[in-house]
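So the chains spell out like this:
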Amino acid sequence: MFPNVRCVLFDLDGTLIDSAPDLGLAADEMRIARGMPSLPLDTYRSMAGAGARGMLGVAFGLTPQDADYGVLREEFLSNYERRMTYSTRAFAGVEELLNALRARGLSWGVVTNKAERFTLPLTATMPLFTDAVTIVSGDTTPHAKPHPAPVLEAMRRAGVQPEYCIYVGDDERDVIAGKSAGTGTVAAGYGYLGSVGDLAAWQADAIINSPDELLNLLD
């Protein structure tokens, strides 16, 4: 499907790494501190890709429009910053996928909506990211996904044109951003996926259900 690819860009949380345990527990600690019962991790998992907004929505039913959202958001971010490397791991098959891309002479990088405050320290602790050609965070450019600016910046840093690049992510915003930037798009069906019911509705160029399936699209 993508015979001319020279660079593969990935979303981070829910695509390359499973950060749901640390995100969920950062929010659950807030419930426990307020005398509320703990929630099962699976309750948080599907919304982990939405960061603070998703976690506070699950833990407290909050939205950014609520008056006390800002204060609780900062508390959540402080909790997460303290524990963000405790349980976060690469998804099964990701390391093998990246090794296969290297063996084919393909470059790869990251485009995430996670702020640099978290992205850079987190990826610095994981050898997985040593040879990423670029890591673009949610505040690297003036706009976050679904705006195409972060994907365009990643391609600029990687020195690749859109026709030679694909973007892989587990959120509809990833597909929108990739399409707007002119890349091929792949939906990671093994990721968090938010509240989506039908991945096909995103209209990505392809859907994969495990990291290794991406290689089939490049053959």
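Anything mentioned here points back to the structure above.
Below, the structure is looked at part by part. Not measured: the values here are computed from a predicted model.

1. Quick notes on the overall build of the chain
And then number 1: On a plain count of helices and strands, the chain comes out with 9 helices and 8 strands.
And then number 2: In terms of overall dimensions, the chain is globule-like: its C-alpha atoms have a radius of gyration of 17 Å, near the 17 Å expected for 219 residues.
And then number 3: Along the first, second and third principal axes, the C-alpha set of the chain runs to 55 × 35 × 30 Å.
And then number 4: The 219 residues of the chain split such that 52% are buried.
And then number 5: Contacts in the chain between residues far apart in sequence, at least 24 positions, make up 65% of those at least 6 positions apart.
And then number 6: For the chain, the accessible area works out to roughly 9,500 Å², and carbon and sulfur atoms hold 51% of it.
And then number 7: In the chain, which carries 18 positive and 28 negative side-chain charges, the distance between the mean positions of the two groups comes to 3 Å.

2. Quick notes on the sheet that holds strand β5 (residues 135–136)
And then number 1: The strand order across the open sheet built from 6 strands is β5-β4-β1-β6-β7-β8, with neighbouring strands paired in parallel fashion. The open sheet has two free edges, formed respectively by β5 and β8 (206–208), since each of these has just one partner strand.
And then number 2: Relative to strand β4 (residues 107–111), strand β1 (residues 7–10) runs parallel, the two sharing 4 bridges. Among the inter-strand pairings, Phe10 is bridged to a residue of β4, identified as Val110.
And then number 3: Taken strand by strand, helix α5 (residues 94–103) contacts β1 and β4, and its axis lies near 155° from that of β1.

3. With respect to the packing of aromatic side chains
And then number 1: Throughout the structure, instances matching the rule amount to 6 aromatic pairs.
And then number 2: Judged by centre distance (5.5 Å) and plane angle (75°), the rings of Phe91 and Tyr190 are edge-to-face. Taken together, the residues span a long stretch of sequence, with Phe91 in the loop between β3 (89–90) and α5 and Tyr190 in the loop between β7 (184–188) and β8 at a distance of 99 residues.
And then number 3: The class of Phe91 is buried, set by a relative accessible area of 15%.
And then number 4: The ring centre of Tyr164 lies 3.7 Å from the NZ or CZ of Arg6, which sits over that ring.

4. A word on the pattern of salt bridges
And then number 1: Taken as a whole, this structure holds 15 salt bridges when the rule is applied.
And then number 2: Each member of the salt-bridge network shares a partner with another, and the members are Asp22, Glu29, Arg82 and Arg83.

5. Observations regarding the nonpolar core
And then number 1: By size, the foremost hydrophobic cluster in this structure holds 53 residues, and its most contacted members are Phe10, Phe76, Leu101, Trp108, Phe129, Val186 and Leu214.
And then number 2: Excluding anything up to four places from it in sequence, Phe129 contacts Leu12, Leu16, Ile17, Trp108, Val110, Thr123 and Ile135.
And then number 3: Ranked by size, the runner-up nonpolar core spans 12 residues in total, among them Val111, Ala154, Val160 and Ala181.

6. Some thoughts on the pairing of β7
On a regular strand, one side chain projects to one face of the sheet and the next to the other, so that they alternate.
And then number 1: Across the 5 residues of β7, 5 count as buried, placing the element largely inside the fold.
And then number 2: What you see with β7 is no split at all: Gly184, Val186 and Ala188 on one side and Thr185 and Ala187 on the other are buried throughout.
And then number 3: Where strand β6 (residues 165–169) meets β7, 4 bridges bridge the pair, whose relative direction is parallel. Across the sheet, the residue bridging to Tyr167 is Thr185, located in β7.
And then number 4: In terms of handedness, the path from β6 via helix α8 (residues 172–181) over to β7 forms a crossover that is right-handed.
And then number 5: As paired elements, β7 and β8 share 3 bridges and run parallel to each other.

7. A short note on unusual backbone geometry
And then number 1: Of note, the amide linkage connecting Lys145 to Pro146 takes the cis form, showing an omega dihedral of 20°.
And then number 2: Mapped onto the elements of the fold, Pro146 is located in the loop between β5 and α7 (149–158).
And then number 3: For Gln203, which is not glycine, the phi dihedral falls at a positive 60°.
And then number 4: When you line up the elements, Gln203 lands in the loop between β7 and β8.

Calculation notes
Residues numbered from 1 in each chain as written. Predicted model: local features only at pLDDT ≥ 70, side-chain atom pairs only at ≥ 80, totals over all residues. Heavy atoms only, no water. Helix = DSSP H or I, 4+ residues; strand = E, 2+ residues; numbered from the N terminus. Rg over C-alpha atoms; globule rule 2.2 N^0.38 Å. Buried < 20%, exposed > 50% of the residue type's maximum accessible area, 1.4 Å probe, protein only. Contact = heavy atoms within 4.5 Å. Areas by Shrake-Rupley, 256 points an atom, 1.4 Å probe, with all protein chains shown as cover. Lys, Arg positive; Asp, Glu negative; His and termini not counted. Charge placed at Lys NZ, Arg CZ, Asp CG, Glu CD. Pairing = 2+ DSSP bridges. Axes fitted to C-alpha atoms, helices over the stretch in contact; angles between N-to-C directions. Phe/Tyr/Trp six-rings, centres within 6.5 Å; stacked < 30°, edge-to-face > 60°. Lys NZ or Arg CZ within 6 Å of the ring centre and 35° of its normal. Salt bridge = Lys/Arg side-chain N within 4 Å of Asp/Glu carboxyl O. Core = buried A, V, L, I, M, F, W, Y, C linked by side-chain atoms within 4.5 Å. Right-handed = clockwise from strand over helix to strand, strands pointing away.

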